[in-house]
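Chain residues, written in single-letter form:
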Amino acid sequence: MTGGPDRPVAVLVGFMGAGKSTVGRILADKLGVDFVDTDAEIVTRTGQSIPEIFTGAGPTRFRQIECDVVTDVLENHRGVVALGGGAVTTEAVRDALDGHRVVHLKIGAEDGFSRVSGSDRPLLAAGDPATRYRELLTERAETYSGVATIEVDAADGDAQDVADVIIAAIARELVPERTT
Ligand code: S3P
C-alpha cells in the first residue's frame, strides 16, 4: 500500500506539458482536498520566477531549492501535489517519494511539445526546443516510471478524464476486489 493518512493523497510526476498542474487542480477539486504545485511554491518562497532562478542562481541551486520545497511539501501536505518535471532527477527527491502514491502522467513527445512550445521553460531555451524536448523526455522516461506507483496516459481525453482515470486507479488500490 502506498500513500496513507499522514501523506498526500497523490503526488503527480511527469514531463513538461503532461498537465500535472491542470490535472492536479481538477483531481484535488474532485476529491475535496487542497492542491499544491511545487513550482508555484518555489516562486512564492523565493519571490522569483523559475526562469529568473535558472538564469540568476543557476540550475544546480534551482534543484536544491526544489528539493527543499518538495521534501517539505511531502511531509506537510495531505492533498494533491504536482512536482516540477525535473524534480525526480534529484536523488533525494526520489528517496523522499518512497512510500508515496506517485502518479506518472505519461505524455508523448508530439502531444507534450505542442502544449509547451512558446512557453518560457528554461530547459527548452537553448538550441532547437522540439529536439531538446524529445531528448530530455527520452532521458527521463525510465526515472518517471521508476518512482511511479500508478501510470496513466495524459493524452487520453481531457484533463477531467485523466483525473477520473486517476481516481479510479486510487479506488482500485484501496478496494482491490469489487464484489458487486
Ligand atoms: C523543469 C520543469 C518545469 C520547471 C523547470 C524545470 C524540468 O516544471 O520545474 O522549468 O526540468 O523538466 P513543469 O514540469 O511544470 O513544466
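A quick note: this is a predicted structure, and the numbers were derived from the prediction, not measured.

1. Details of the overall build of the protein chain
So, step 1. In terms of regular secondary structure, the protein chain is built from 8 helices and 5 strands.
So, step 2. Counting from the amino terminus, helix and strand elements in the protein chain follow one another as β-α-β-α-α-α-β-α-β-α-α-β-α.
So, step 3. Rg of the C-alpha trace for the protein chain: 16 Å, near the compact-globule value of 16 Å for 180 residues, within the 12% margin.
So, step 4. Dimensions of the protein chain, computed from the C-alpha atoms along their principal axes, are close to 55 × 35 × 25 Å.
So, step 5. Per-residue burial over the protein chain gives 43% buried out of 180 residues.
So, step 6. The contacts in the protein chain between residues at least 6 apart in sequence include a share of 76% that link residues at least 24 apart.
So, step 7. When the accessible area of the protein chain is evaluated, it comes to approximately 9200 Å², of which 47% is carbon and sulfur surface.
So, step 8. Within the protein chain, the 29 negative side-chain charges are centred at a point lying 1 Å from the centre of the 18 positive side-chain charges.

2. So, the sheet that holds strand E2 (residues 35–37)
So, step 1. Taken in spatial order, the 5 strands of this open sheet run E2-E3-E1-E4-E5, and their pairing is parallel. The open sheet has two edge strands, E2 and strand E5 (150–153), and neither has a second partner. Each adjacent strand pair in this sheet contributes to an overall mean axis angle of 20°, direction not counted.
So, step 2. Running at roughly 145° to strand E4 (residues 102–106), helix H7 (residues 129–147) makes contact with strand E1 (10–13), E4 and E5 of the sheet.

3. Some thoughts on the environment of Arg-172
So, step 1. Looking at where Arg-172 falls in the secondary structure, it is placed in helix H8 (residues 159–174).
So, step 2. You can call Arg-172 exposed: its relative accessible area is 55%.
So, step 3. The spacing of Arg-172 and Asp-39 is 133 residues in sequence and 30 Å in space, taken between C-alpha atoms.

4. What to know about the layout of surface pockets
So, step 1. By volume, the largest pocket amounts to about 480 Å³.
So, step 2. Secondary-structure elements contributing two or more residues to the lining of the largest pocket are helix H1 (20–31), helix H2 (38–46), helix H3 (50–56) and helix H4 (59–76).
So, step 3. Its residues placed into classes, the lining of the largest pocket shows 11 nonpolar, 7 polar and 8 charged.

5. Some thoughts on the packing of H2 against H4
The description of two helices packed together rests on the angle between their axes and the distance between the axes.
So, step 1. Where H2 meets H4, the closest approach of the two axes is 10 Å, and the angle between their N-to-C directions is 110°. With respect to H4, the element H2 is oriented roughly perpendicular. Facing H2, whose interface residues are Thr-38, Asp-39, Glu-41, Ile-42, Arg-45 and Thr-46, H4 presents Phe-62, Ile-65, Glu-66, Val-69, Val-70, Asp-72 and Val-73.
So, step 2. Tallied by class, the residues present in the contact of H2 with H4 amount to 6 nonpolar, 2 polar and 5 charged.

6. Concerning the pattern of salt bridges
So, step 1. The final tally for this structure, using the stated rule, is 6 salt bridges.
So, step 2. Residue Glu-66 pairs with Arg-63 through a salt bridge whose shortest N-O separation is 2.9 Å. Of this pair, Glu-66 and Arg-63 both sit in helix H4, 3 residues apart, which is roughly one turn of that helix.
So, step 3. Taken together, the salt bridges that share partners define one network made up of Glu-41, Arg-45 and Asp-72.

7. Comments concerning the UniProt feature "binding site: ATP" (unreviewed entry) in the protein chain
So, step 1. According to UniProt, the "binding site: ATP" (unreviewed entry) feature falls on Gly-17, Ala-18, Gly-19, Lys-20, Ser-21, Thr-22 and Arg-121. Those annotated residues that line the largest pocket are Gly-17, Ala-18, Gly-19, Lys-20, Ser-21, Thr-22 and Arg-121.
So, step 2. Locating Ser-21 in the fold gives a position in helix H1.
So, step 3. Contact partners of Ser-21, with chain neighbours within four places excluded, come to Phe-35, Asp-37 and Ala-82.

8. Looking at H8
So, step 1. For H8, built from 16 residues, the straight-helix expectation of 22 Å at 1.5 Å per residue is met to within 8% by its first-to-last C-alpha distance of 23 Å.
So, step 2. All of the buried residues along H8 are Val-162, Ala-163, Ile-166, Ala-169 and Ile-170. Summarising the axial view, the buried residues of H8 lie within an arc of 120°, below the 170-degree limit, and thus occupy one face.
So, step 3. Residues of H8 that are buried make contact with E1, H1, E4 and E5.
So, step 4. In this structure Asp-158 caps H8, since a side-chain oxygen of it lies 3.1 Å from the backbone nitrogen of Gln-160.

Criteria and thresholds
- Residues numbered from 1 in each chain as written.
- Predicted model: local features only at pLDDT ≥ 70, side-chain atom pairs only at ≥ 80, totals over all residues.
- Heavy atoms only, no water.
- Helix = DSSP H or I, 4+ residues; strand = E, 2+ residues; numbered from the N terminus.
- Rg over C-alpha atoms; globule rule 2.2 N^0.38 Å.
- Buried < 20%, exposed > 50% of the residue type's maximum accessible area, 1.4 Å probe, protein only.
- Contact = heavy atoms within 4.5 Å.
- Areas by Shrake-Rupley, 256 points an atom, 1.4 Å probe, with all protein chains shown as cover.
- Lys, Arg positive; Asp, Glu negative; His and termini not counted.
- Charge placed at Lys NZ, Arg CZ, Asp CG, Glu CD.
- Pairing = 2+ DSSP bridges.
- Axes fitted to C-alpha atoms, helices over the stretch in contact; angles between N-to-C directions.
- 1 Å grid on protein atoms, 1.4 Å probe; cavity = no way out; pocket = protein on both sides within 12 Å on 5 of 7 lines; lining within 4 Å.
- Points joined across faces, edges and corners; volume = space filled by probe spheres on them.
- Nonpolar A, V, L, I, M, F, W, Y, C, P; charged D, E, K, R; others polar.
- Parallel < 35°, antiparallel > 145°, perpendicular 65-115°, else oblique.
- Salt bridge = Lys/Arg side-chain N within 4 Å of Asp/Glu carboxyl O.
- UniProt positions renumbered as here; feature names shortened; annotations may be inferred.
- Expected span 1.5 Å × (residues − 1).
- Arc of directions from axis to C-beta.
- Polar contact = N/O pair within 3.5 Å; in protein donor to acceptor, adjacent residues only side chain to side chain.

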